[in-house]
Amino acid sequence: MKTRLLILTMAIVAAACSPDNAPTNIAPKVTATGVTDVTRAEATLCGRVELQGTTAMPELHFAINRNGQDETIITQQPTVIGDSVSQRVDGLTPGREYHFYLQATNGRTTMKSNSLTFSTEASKVPTVSEATDITHNEATLHGKLDVKDTSEAEVECLLGTDNNLEPVSDSIIFTPDSITVRLTGLTANTTYYFCLTANDGYSETHSDTLSFTTLPNTKPTVGQPVLLSYGPTSMVVQYVVPDNGGEPLTATGIYVTETATGNRRRVEVTDNINNDTISPVRIGDLELLTSYEISAYAANSIGEATSEPLTLTTGNAFVLDAPGQLASLIGSDVYKFTELAFVGPMNGDDLRCLRRMMGREPTGAAGQGRLAVVDMTDAHIVEGGGTYGSSRYTSDNVVGYGLFADCTALTTVILPADATTIEENALRGCTSLTTLTIPATATKVSPSTGCSALKSVNVSAGSTAFSSRDGVLMDAAQTQIVWFPMAKTGDYVLPESVTGIGDYAFSECGITRFTMNDGVKNMGQAAFYGSRVEEVTLSDGLRTVPTSTFQNCTALHTVRLGASTELISDYAFHGCPLRHLYVDAPYPPVCNANAFTTSYSDLFNSCVLHVPAGRSGFYKADSDWGKFKNIVEE
């Protein structure tokens, strides 16, 4: 009996310890804890698994469904760290509610966690605010899409004249805060409806629909003419048509009305009339000493508009309809005039007569001519005829060498408006000339010496080759000095824009102290020839002191050469009473054979050579620089 009882007890114990009831198979506890990083189409589901005893980790999966629809078991294994479980899901629909739970399977049974709910972000809806800058055929639309990056959504602008809106092809401009669309090719006096759409790959959203109305077509708007240049019988004007009224122009040009008689004629523009700016218009065949009103006009299919008038009175002039006529036209009055204008072609014979009128006979001797003011705006220098002086012949559109030379009574000269070249010394010795204007057509200009009263060299409007700054003639970019007026006095500091100086640019000028900026890299020969300058500081960027740079500068006592100086050319200081020569170059520059040749004094005895500290030994040992008796270190 005891034996049967023992066997029964052992069986009960064994049954209690069988694998099916062992602690390792106790069901784990699973919990859905939340959701993170929710976007329009993705979210991270989070849960927790708590093992009981030494139970092995079960197989885990998240299940998700949308608004009670069929649930989806996510087959991909979640990430498990400790007792935390997470799963990144994608392909969700923006702006929708989702339910999810965590389930665990231990081989015997499947356990489900609690169910949680979350909603994805809704797709962004674009907004439109207004239409601005509305014209006859254009408008600017403004809107906004609240996303971090416009690449997150494809944005289109829809436009139409009724409810049937279609995408526009005009470019959309994105900024961090706005969307802008410039519409073109619209129809005048038409109401348009517009909206924005945004497609983020998941859904398409629309803004509200707004409207605007384009302006009706009208007559054009035309600006008052601006006088660019003028002469006794002609002028050049320019004007703009800021608004064509919404339609292409059919005609445009200038009305010329004689004030006294009311007679009006039209000068029509035929080329490129629908450009924003009309090309300059030349108006010829004007009468001398006559008042005119000049108005611009522009017309389209609706009508014609005219500008406010420009009023002017022409002057007096000799008009030549063929070259070689001046002497016969003026006759015995060659010494009578002090102020005249000239119109028409002028050859060598005409210019020889003109020189007589300006006080120079064909022999070169001084004459009785009194002409002081000469206006050649409408004159055209042409090849032909005899010499005008100094065995010089005319060439087309060239103000030649010596043309006005030694005409000492000449105070004002206006060069021909079509002149392309002003040769060297064309105005040599014009000692009363105070102002000179270079025509806009000129592409080559060389200075003249002896213009001791010249204070300003100006350039006509429209020049692409030259400019004037404070009366100094420069290239168009203001990087090169072309002609420095002799009568300018005082101190002069070269503008920072200047990188080069032309031949004879400061010849005979009256500047006392001259300072060159360090951007200057090149300088022409004889740049200061015969000037009255007393002190000069050259650029640290200048490597060569050219031939005759300071020749015959009889007041020059101090020169400072820059640190990059490498070469002193011949006769650089010829005729200069130098007392101090500063050289910042660490090594002695190379000297040409006649670099220090001078007729003024013994330069090596009279001038102190100043060199950089610690470099005097190099200069004293040099065969040229060592000739200076006084070498001091700075």
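Before any of the text, the structure's been laid out above.
Note that the structure is a prediction, hence the values are computed from the model and not measured.

Cut-offs applied
Residues numbered from 1 in each chain as written. Predicted model: local features only at pLDDT ≥ 70, side-chain atom pairs only at ≥ 80, totals over all residues. Heavy atoms only, no water. Helix = DSSP H or I, 4+ residues; strand = E, 2+ residues; numbered from the N terminus. Rg over C-alpha atoms; globule rule 2.2 N^0.38 Å. Buried < 20%, exposed > 50% of the residue type's maximum accessible area, 1.4 Å probe, protein only. Contact = heavy atoms within 4.5 Å. Areas by Shrake-Rupley, 256 points an atom, 1.4 Å probe, with all protein chains shown as cover. Lys, Arg positive; Asp, Glu negative; His and termini not counted. Charge placed at Lys NZ, Arg CZ, Asp CG, Glu CD. Pairing = 2+ DSSP bridges. Phe/Tyr/Trp six-rings, centres within 6.5 Å; stacked < 30°, edge-to-face > 60°. Lys NZ or Arg CZ within 6 Å of the ring centre and 35° of its normal. Salt bridge = Lys/Arg side-chain N within 4 Å of Asp/Glu carboxyl O. Core = buried A, V, L, I, M, F, W, Y, C linked by side-chain atoms within 4.5 Å. Disulfide = S-S within 2.5 Å.

J.: Teacher, can you tell me more about the overall build of the chain here?
T.: Scanning the chain for helices and strands turns up five helices and 50 strands. Taking 2.2 N^0.38 as the reference for a compact globule, 634 residues should give roughly 26 Å; the C-alpha atoms of the chain span a radius of gyration of 46 Å, well beyond that estimate. Referenced to the eigenvectors of the C-alpha coordinate spread, the extents of the chain come out at roughly 170 × 85 × 35 Å. Residue burial in the chain is summarised as follows: out of 634 residues, 46% are buried. Summarising the internal contacts of the chain: among those between residues at least 6 apart in sequence, 48% fall at separations of at least 24. Summing over all exposed atoms, the chain offers an accessible surface of approximately 30300 Å²; the carbon and sulfur share of this is 48%. Between the averaged position of the 41 positive side-chain charges in the chain and that of its 69 negative side-chain charges there is a distance of 7 Å.

J.: Would you take a moment to explain the pairing of strand S11 (residues 139–144) for this structure?
T.: Successive side chains on a regular strand alternate, one facing one side of the sheet and the next facing the other. Inspection of the sheet shows strand S10 (residues 127–132) paired to S11 by five bridges, in the antiparallel sense. Bridging from a neighbouring strand, valine 128 pairs with glycine 143 of S11. Connecting S10 to the antiparallel partner S11 that follows it, the hairpin turn spans six residues, and aspartate 133 within it adopts a positive phi of roughly 50 degrees.

J.: Help me out: how do you make sense of the packing of aromatic side chains in this one?
T.: For any two aromatic rings, the description comes down to two numbers: the centre-to-centre distance and the angle of the planes. Overall, the coordinates contain 26 aromatic pairs when judged by the stated rule. Ring geometry for phenylalanine 528 against phenylalanine 550: centres 5.4 Å apart, planes inclined by 25 degrees, an arrangement best described as stacked. Remark: phenylalanine 550 occurs in the loop between strand S44 (544–545) and strand S45 (558–561) and phenylalanine 528 occurs in the loop between strand S42 (522–523) and strand S43 (535–537); sequence separation between them is 22 residues. Counting every residue linked through ring pairs, the aromatic cluster contains Phe484, Tyr492, Phe506, Phe514, Phe528, Phe550, Phe573, Phe596, Phe604, Tyr619, Trp625 and Phe628. Seen from the ring of tyrosine 255, arginine 264 lies directly overhead, with NZ or CZ sitting 3.7 Å from the centre. In this structure, arginine 615 packs its charged tip against the face of tyrosine 587, placed 4.7 Å from the ring centre.

J.: Help me out: how do you make sense of the pattern of salt bridges in this one?
T.: Side-chain pairing between opposite charges can occur once the charged atoms of the two side chains come close. Tallied over the entire structure, the rule returns ten salt bridges. Of the charged contacts, one joins arginine 352 and aspartate 349 as a salt bridge, the two residues approaching to 3.0 Å between their closest N and O atoms. Within this pair, arginine 352 and its partner aspartate 349 are both found in helix H3 (residues 348–357), separated by three residues, close to a single helical turn. A relative accessible area of 26% places arginine 352 in the partly exposed class. For glutamate 423, the salt bridge is made with arginine 392, and the minimal N-O distance between the two is 2.9 Å.

J.: I keep staring at the nonpolar core and nothing clicks. Help me out?
T.: Soluble globular proteins tend to bury their nonpolar side chains together. Counting 48 residues, the largest nonpolar core has Phe506, Phe514 and Leu581 as its most contacted members. Contributing elements (two or more residues each) for this core: strand S37 (472–475), strand S41 (510–515), S45, strand S47 (580–583), helix H4 (603–606) and strand S49 (608–611). Setting aside residues no more than four positions away along its own chain, phenylalanine 514 makes contact with Tyr492, Leu494, Ile501, Phe506, Phe528, Val533, Glu535, Val536 and Thr537. The next biggest cluster of nonpolar side chains, apart from the first, holds 45 residues, and it includes Met346, Cys353, Val482 and Trp483.

J.: What exactly am I supposed to notice about the state of the cysteines here?
T.: Covalently bonding the sulfur atom of one cysteine to the sulfur atom of another cysteine gives a disulfide. Under the defined criterion, the tally for this structure stands at zero disulfides. Here cysteine 451 stays unpaired: no disulfide links it, and the sulfur of cysteine 430, its closest cysteine neighbor, is 5.3 Å away. A relative accessible area of 1% means that cysteine 451 is categorised as buried.

Functional significance is not addressed by these values, which are geometric in nature.
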